[in-house]
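Single-letter residue listing:
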Amino acid sequence: MSGAGAGVRMADALLQTLGGRTVLLHVPSPAVEGDAGEQVGLGVPSFQDVELGPVVFRRVLAGSGDKTAAARYELLVSVSAVQRIVGSLAYDSAEVLFQNVAGVLVDADVLRVVSVTRAEAFGEVYLYRVGLIGPDAAAL
Amino acid sequence: MSFEFEDVKDTFYLALRDRLAAGAPSLQVLVRGVLRPAVVVAENELPGSAVDGIAPLNCFCLHWTSVRLDRGLSVLGCVIRYATDGSAGAAGMDRGRALSAMDAALVSAVSTAPQNAAQVTVSEAAAGAAIETTTGQRVFWSDVALGDAVLRGERVERMATVEVYCYV
């Protein structure tokens, strides 16, 4: 399979088959241009929750009894879903979008993004692998 | 007269931002959809934007670390981290040159006389816009000390330090 978009369609089909759930991205509204207050930490940003799917959500590090270890999770995300959001919110790229996301709402938990990697085949990105850290990390 | 460490930090940031904008206007960073001079204070941004691995490239990230008082002089330690992976056109082979350009921009912004600025207090107005008022004091800073460059994957990073002073 090497046609244009074939990898993306295959990944979408697999993500749907393996769960195909949706999560919410907690995205901050754009900054105010030239506002020094925001730059020095006086701003109060507003947020919008944007639906992202299909995704597969899974835990990648099981608890081992070490109470200081934060749970880590992984989100496998469809490129087509990411591109829809990148386009509608006018971000430069998927990396910039995830860099700006304040959290990912999964069921009742807000998880933080710690890494983003791309999976490619035949020079085409077909999947984003988003590393997340659990809410228990904030309570440590 | 009350003393606010925050005013010292804000004054140094604003001075560095304005000097970088004047001396290296091509260095810019996109923060929440808005282009700014390529300097951010990590503690003033959303937590996600300071995450290692996806932190902004080609941008000076200020981290306020130490604070000490020495016979009426407050000394604030500032660590400035920056990294670049060069340009896409050169397939990253120019990342060393890009880092040198950032070194030069930082040294010029910090070490060009005068190494001081009028201390300002930034406050929010009712309409939401920020107001900058001077306090009558001055904020001083040292020369910048550049640490070793570290090659991490396709990016090359450096950590620099500056001490910022103000009389209490």
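Residue numbers restart at each chain and count upward from 1, following the sequence in its written direction. Here chains are named by letter from A upward and ligands by number from 1 upward, in the order in which they appear as written. Thresholds applied to this predicted model are a pLDDT of at least 70 for local features of residues and 80 or more for the giving and counting of side-chain atom pairs; totals over whole chains, interfaces and linings are not thresholded and use all residues. The side-chain values count all of the structure's non-hydrogen atoms but skip hydrogen atoms and water molecules.

Could you clarify how one ought to interpret the overall build of chain A in this entry?
Secondary structure elements follow DSSP: runs of H or I of four or more residues count as helices, runs of E of two or more count as strands, with numbering from the N terminus. Across its full length, chain A carries 4 helices and 6 strands. Each helix and strand of chain A, ordered N terminal to C terminal, gives the series α-β-α-β-β-α-α-β-β-β. The buried share of chain A, reckoned over its 140 residues, is 44%. Contacts are assigned to residue pairs that have any heavy atoms within 4.5 Å of one another. Sequence-distant contacts, at least 24 apart, represent 61% of the contacts inside chain A between residues at least 6 apart. Type-normalised accessible area, obtained with a 1.4 Å probe on protein chains alone, sets the label of each residue: buried when under 20%, exposed when over 50%, and partly exposed for intermediate values.

So what exactly am I meant to see when it comes to the interface of chain A and chain B here?
Many analyses report the size of an interface as the accessible area lost when the parts associate. Across the boundary between the two partners, chain A contributes 25 residues, which contact 26 residues of chain B. Defined here as a combined quantity, buried area equals the accessible surface (1.4 Å probe) lost by two parts on assembly, summed across both. When the two sides are added together, the surface that chain A and chain B hide from each other amounts to roughly 2100 Å², 57% of it contributed by carbon and sulfur. By the criterion of area lost to chain B, the three top residues of chain A are A:Gln39, A:Val40 and A:Gln99, representing 32% of everything that side buries. Salt bridge, as used here, is a side-chain nitrogen of Lys or Arg placed within 4 Å of a carboxyl oxygen of Asp or Glu. Summed over the shared surface of chain A and chain B, the number is 0 salt bridges. Two N or O atoms count as a polar contact when they lie within 3.5 Å, although within protein this holds only if one can serve as hydrogen donor and the other as acceptor, and sequence-adjacent residues are included solely when both atoms are side-chain atoms. At the boundary of chain A with chain B, the tally comes to 4 residue pairs in polar contact (both at pLDDT 80 or more).

I would appreciate a short explanation of the environment of B:Ala129 in the present structure.
Of note, B:Ala129 is situated in the loop between strand 6 (116-124) and strand 7 (130-141). Between the C-alpha atom of B:Ala129 and that of B:Asp18, which follows or precedes it by 111 residues, the distance is 18 Å. With residues up to four places along the chain from it excluded, the contact list for B:Ala129 reads A:Asp35, B:Ser123 and B:Glu124.

Would you mind going over the confidence of the model for chain B with me for this structure?
Caution is warranted with low-pLDDT regions, since their predicted coordinates should not be read in detail. Residue and element names in this part refer to chain B. Scored from 0 to 100, pLDDT reflects the predictor's confidence in each residue. Residues at a pLDDT of 70 or more form 91% of chain B, whose mean pLDDT is 89. Element-level pLDDT for chain B is lowest in strand 1 (residues 28-31), with a mean of 86, against a maximum mean of 97 in strand 8 (residues 145-146). Segment residues 50-54: pLDDT under 50, and 9 contacts once partners within four positions in sequence are set aside and those in other chains are kept. Among the scores for the predicted complex, ipTM is 0.83 and pTM is 0.78.

Got a minute to help me understand a nonpolar patch on the surface in this structure?
For patch building, the residue pool is restricted to those with more than 30% relative accessible area and no salt bridge; the joining distance is 9 Å between like charges and 5 Å between nonpolar side chains (Val, Leu, Ile, Met, Phe, Trp, Tyr). Working definition of accessibility: Shrake-Rupley area with a 1.4 Å probe, residue cover restricted to the visible protein chains. Nonpolar side chains collect at one region of the surface, where B:Phe5, B:Val67, B:Leu69 and B:Val168 lie side by side and expose about 380 Å² of accessible area between them. For B:Val168, a relative accessible area of 56% translates into the label exposed.

Explain helix 1 (residues 5-23) of chain B here, please?
Given 3.6 residues to a turn, an α-helix orients residues that are three or four positions apart in the same direction. Multiply 1.5 Å by the residue count of a helix minus one, and that product is the helix's expected span. Taking 1.5 Å as the rise per residue, helix 1 of chain B with 19 residues should run 27 Å; its terminal C-alpha atoms sit 27 Å apart, in good agreement. Turning to helix 1 of chain B, its buried residues are B:Asp7, B:Val8, B:Lys9, B:Asp10, B:Thr11, B:Phe12, B:Tyr13, B:Leu14, B:Ala15, B:Leu16, B:Arg17 and B:Leu20.

Hey, could you run me through the environment of B:Ala125 in this one?
Residues and elements named next belong to chain B. Position of Ala125 relative to the elements: it lies in the loop between strand 6 and strand 7. Given a relative accessible area of 24%, Ala125 falls into the partly exposed group. Here the alpha-carbon distance between Ala125 and Ser74, two residues 51 residues apart in the chain, equals 28 Å.

What exactly am I supposed to notice about helix 2 (residues 95-111) of chain B here?
Residue and element names in this part refer to chain B. Over its 17 residues, helix 2 extends 24 Å from the first C-alpha to the last, a length consistent with the 24 Å expected when each residue adds 1.5 Å. Among all positions in helix 2, only Leu99, Met102, Asp103, Ala105, Leu106, Ala109 and Val110 are buried. Along helix 2, the residues classed as buried sweep out an arc of 165° about the axis, all on the same side. Looking at the buried positions of helix 2, the neighbouring elements they touch are helix 1, strand 4 (60-70), strand 5 (73-84), strand 7, strand 8 and strand 10 (155-167). Each direction from the helix axis to a C-beta atom contributes to the arc, which is the arc of those directions.

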